[in-house]
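Listed here are the chains, written in short residue letters.
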Amino acid sequence: MEIRFHGHACFEIIGEKGRILIDPFLNGNPAADVGPEHFTHLDGILVSHGHSDHLGDAIELSQKTGAPLICVFELARLCAKYGAKTHAMHIGGKHTFSFGTVRLTQALHGSVFEPPGEEESFTYAGMACGFLIQMDGKWIYHAGDTGLFGDMELIGRRHPLAAAMLPIGDNYTMGQEEAVYAATLLRPNYLIPMHYNTFPIIQQDPQEFIELLKRKFPASKGEILAPGQSLFI
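Rules used in this analysis
- Starting afresh in each chain, residues are numbered from 1 along the sequence in its written order.
- Totals for whole chains, interfaces and linings use all residues, but because this is a predicted model, local features are given only for residues with pLDDT of at least 70 and pairs of side-chain atoms are given and counted only at 80 or more.
- Side-chain metrics rest on all non-hydrogen atoms present in the structure, leaving aside hydrogens and water.
- Runs of E in the DSSP output that reach at least two residues are strands. Runs of H or I that reach at least four are helices, and both are numbered from the N terminus.
- Accessibility here uses a 1.4 Å probe with only protein chains present; expressed as a share of the type maximum, an area under 20% marks a residue as buried, one over 50% as exposed, and anything in between as partly exposed.
- Contacts are assigned to residue pairs that have any heavy atoms within 4.5 Å of one another.
- Exposure was quantified through the Shrake-Rupley algorithm and a 1.4 Å probe, taking into account, for residues, occlusion by the shown protein chains and nothing else.
- When charges are counted, Lys and Arg contribute as positive and Asp and Glu as negative, whereas His and the chain ends are disregarded.
- To locate a charge, take atom NZ for lysine, CZ for arginine, CG for aspartate or CD for glutamate.
- Throughout, the arc means that of the directions going from the helix axis to the C-beta atoms.
- Strands pair, by our definition, only if DSSP identifies at least two bridges between them.
- Lines are fitted to the C-alpha atoms to define the axes, a helix being fitted only along its stretch in contact, and any angle between axes, read from their N-to-C directions, falls within 0 to 180 degrees.
- As used in this record, nonpolar core signifies buried Ala, Val, Leu, Ile, Met, Phe, Trp, Tyr and Cys residues forming a set joined through side-chain atoms within 4.5 Å.
- Our angle categories are set so that under 35 degrees counts as roughly parallel, over 145 as roughly antiparallel, 65 to 115 as roughly perpendicular, and the remainder as oblique.
- A crossing counts as left-handed when the near helix is turned anticlockwise from the far one by less than a right angle, and as right-handed when that turn is clockwise.
- We call Asp, Glu, Lys and Arg charged. Ala, Val, Leu, Ile, Met, Phe, Trp, Tyr, Cys and Pro are nonpolar, and the rest, Gly among them, are polar.
- Think of a polar contact as two N or O atoms within 3.5 Å of one another; within protein, one of them needs to be a possible hydrogen donor and the other a possible acceptor, and neighboring residues in sequence only count if both atoms come from side chains.
- Centre distance within 6.5 Å is the pairing criterion for rings of Phe, Tyr and Trp, where only the six-membered ring of Trp is used; planes under 30 degrees apart are then read as stacked, over 60 as edge-to-face, and the remainder as tilted.

Novice: I'd like a rundown of the overall build of the protein, residues and numbers included.
Specialist: Helix and strand counts for the protein come out as six helices and 16 strands. The proportion of buried residues among the 233 residues of the protein is 57%. Within the protein, contacts between residues separated by at least 24 positions form 60% of all contacts whose residues are at least 6 apart in sequence. As displayed, the protein has an accessible area near 9,600 Å², and 49% of this comes from carbon and sulfur atoms. Counting 17 positive and 26 negative side-chain charges, the protein places the centres of these two groups 11 Å from one another.

Set out below in structure tokens:
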């Protein structure tokens, strides 16, 4: 399975049974290596919450590819009004798709929806979430935007994680120290930092994070991915 990073919190996951995109913030993302025009076929588009740096180009990509936008119920209802094909879920639930299985987890964060072309208008978009994804017999965890929470231990205990993607940017999400502690709860084989350096307020040195992880929890191997780079697991 290939985990390809496209900047900020956007990942493309390519497995034997399909290709999905998570939090496709591409247009307007100074860190993105591709645009929405790059994608002609997708089997699913996972969106952790409604903020523009995560919902991004999801509606356009759903219209273009026919892939379902997979997210919490409230956000799905809003996106459907603008022409997206949606599959509504909620936290704790799971569903099996053609590409694999998705389970929604909690995320300690907010969520609003900004209608296309109406950036000054905000609508409550339900709860933010994270994703547990099983593809090719492997579990991966995309935490979304979140602070540290104790039930990460439960996630790690119930799902042997081949890889986890955790935010380290601080201010809006966990910082480096909290993400390292999260690793001790989740116990993934690989840990990929995300949601940092896109904007000045979330500036971090990812190498410092990797060194801290090595000291505190060497059982997880930290992997820094530049936009366009992949991890094969």
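Novice: Go over helix α3 (residues 73-80), please, and point to the residues and values.
Specialist: Among all positions in α3, only L75, A76, L78 and C79 are buried. Taken around the axis of α3, the buried residues stretch over an arc of 165°, which confines them to a single face. If you follow the buried residues of α3, they end up packed against α1 (52-55), α2 (58-65), β5 (69-72), β6 (86-89), β9 (112-113) and β10 (123-124).

Novice: Could you give me a rundown of the sheet that holds strand β15 (residues 221-222), with the residues and numbers involved?
Specialist: Either a parallel or an antiparallel arrangement is found when strands of a sheet pair, and the pairing is made through backbone hydrogen bonds. Taken together, the seven strands give an open sheet; going across it, the order is β7-β8-β11-β12-β13-β14-β15, and neighbouring strands pair in mixed fashion. The open sheet has two edge strands, β7 (94-96) and β15, and neither has a second partner. Taken together, the two bridges between strand β14 (residues 190-194) and β15 define a ladder with parallel strand orientation. In the sheet register, L191 faces β15, and the bridge partner there is G222. Packed on one face of the sheet, helix α5 (residues 176-186) meets β12 (138-142), β13 (161-167) and β14 and runs near 155° to β13.

Novice: Kindly report on the nonpolar core, identifying the contributing residues and their values.
Specialist: Grouped together as the largest cluster of nonpolar side chains are 51 residues, with contacts concentrated most on I3, I13, L46, L69, I140 and M165. With sequence-adjacent residues up to four places away left out, I140 is seen in contact with M1, I3, I13, F131, L132, I133, L161, A163, M165 and I233. One finds A164, L166, A179 and V180 within the second-largest nonpolar core, a separate group that totals 25 residues.

Novice: Talk me through the pairing of strand β11 (residues 129-135); I want residue IDs and the actual numbers.
Specialist: Of all seven residues making up β11, six are buried, and the element is well covered by its neighbours. Relative to β12, β11 runs antiparallel, the two sharing five bridges. Of the residues in β12, the one forming a bridge with L132 is Y141. Counting the residues between successive antiparallel strands, the hairpin from β11 to β12 contains two residues, one of them, D136, with a positive phi of roughly 55°.

Novice: If you had to explain the packing of α5 against helix α6 (residues 206-216) to someone new, which residues and values would you point to?
Specialist: Where α5 meets α6, the axes come as close as 10 Å, and the angle between the chain directions of the two elements is 40°. Considering the angle they form, α5 stands oblique to α6. Handedness of the crossing formed by α5 with α6: right-handed. Of α6, the residues touching α5 (which contributes Q176, E177, A179, V180 and A183) are E208, F209, L212, L213 and K216. In terms of residue class, the contact of α5 with α6 is built from six nonpolar, one polar and three charged.

Novice: Kindly report on the side chain of H49, identifying the contributing residues and their values.
Specialist: By secondary structure assignment, the location of H49 is in the loop between β4 (44-46) and α1. Polar side-chain contacts of H49 include one of 2.9 Å to the side chain of S48. A distance of 3.3 Å separates the side chain of H49 from the side chain of H51, its partner in a polar contact. Every residue in contact with H49, bar those within four places of it in the chain, is listed here: H54, L55, L75, H109, G110, S111, A128 and D145.

Novice: Please give an account of the packing of aromatic side chains that cites residues and values.
Specialist: How two aromatic rings sit relative to each other is set out by the distance from centre to centre and by the angle between their planes. As enumerated under the stated definition, the model contains four aromatic pairs in all. Between the aromatic rings of Y82 and F113, the centroid separation amounts to 5.6 Å while the plane-to-plane angle is 45°, which identifies the pairing as tilted. Highlighted residues: Y82 in the loop between α3 and β6 and F113 in strand β9, separated in sequence by 31 residues. On the basis of relative accessibility, which here comes to 30%, the residue Y82 falls in the partly exposed class.

Purely geometric numbers; function is a separate question.
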